[in-house]
Amino acid sequence: MATLKNLQPGQVLYTEVRRRRGHTALRETATFRVTVVSVDVEARRVLASWNGNPPKSFRETDVKRWLVKPRWREDTP
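For every chain, the first residue of the written sequence is number 1, and numbering continues from 1 onward in sequence order. The predicted origin of the model limits local features to residues at a pLDDT of at least 70 and limits the giving and counting of side-chain atom pairs to 80 or more, whereas totals for whole chains, interfaces and linings rest on all residues. The basis for every side-chain value is the complete set of heavy atoms in the structure, and neither hydrogens nor water enter the calculation.

> Break down the packing of aromatic side chains for me, with residues and values.
Side-chain rings of Phe, Tyr and Trp, where Trp is taken by its six-membered ring, are said to pair if the distance between their centres is within 6.5 Å; with planes under 30 degrees apart they count as stacked, over 60 as edge-to-face, and otherwise as tilted. Scanning the entire structure with this criterion turns up 2 aromatic pairs. An angle of 45° between the planes, with centres 4.7 Å apart, marks the rings of F32 and W50 as tilted. Of the two residues, F32 is situated in strand β2 (residues 27-40) and W50 in strand β3 (residues 45-50); the sequence distance between them amounts to 18 residues. In this structure F32 comes out as buried when scored by relative accessible area, which is 14%. Measuring from ring centre to ring centre gives 5.2 Å for F58 and W66, while their planes differ by 75°; the resulting arrangement is edge-to-face. Residue F58 shares its accessibility class with W66, and that shared class is buried. Numbered from the N terminus, helices here are DSSP runs of H or I no shorter than four residues, and strands are runs of E no shorter than two. Think of it in three bands: residues with accessible area under 20% of the maximum for their type are buried, residues over 50% are exposed, and the middle band is partly exposed, with areas taken using a 1.4 Å probe on protein chains only.

In structure tokens:
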């Protein structure tokens, strides 16, 4: 898990989302990249790009759920 005070601009983190696969009852875990653009510790906000989209502001509670390493592949840099 990531902490706000340890984040650096340019750092790549990961987030996992559970979602349905098509029109079935099957579930899958999707992993997305989160690239940190800037960190504002005083305001407890992070400007980050989620899955290659334009950057947006995230709160500290969102950042706590981000992973430093993806669970599905431990050898990913």
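Still more ground to cover, so stick around.
> Quick rundown of the nonpolar core? Include the residues and the values.
Residues A2, L4, L7, L13, V34, V36, V46, A48, F58, V63 and W66 constitute the largest nonpolar core, which totals 11 residues. In this analysis, two residues are considered to be in contact whenever any of their non-hydrogen atoms come within 4.5 Å of each other. Once residues lying within four places of it in the same chain are set aside, the contact partners of A2 are L7, L13, V63, K64, W66 and V68. In this text, buried Ala, Val, Leu, Ile, Met, Phe, Trp, Tyr and Cys residues form a nonpolar core when linked through side-chain atoms within 4.5 Å.

> Please provide a residue-by-residue account of the pairing of strand β4 (residues 56-59), values included.
Along any regular strand, the residues point their side chains to alternate faces of the sheet. Two strands pair when backbone bridges link them, and β3 and β4 are joined in this way by 4 bridges, in the antiparallel orientation. Following the sheet pairing, A48 is matched in β4 by K56. When DSSP locates at least two bridges between a pair of strands, those strands are taken to pair. The turn linking β3 back onto β4 is made up of 5 residues, and N51 within it adopts a positive phi angle of 60°.

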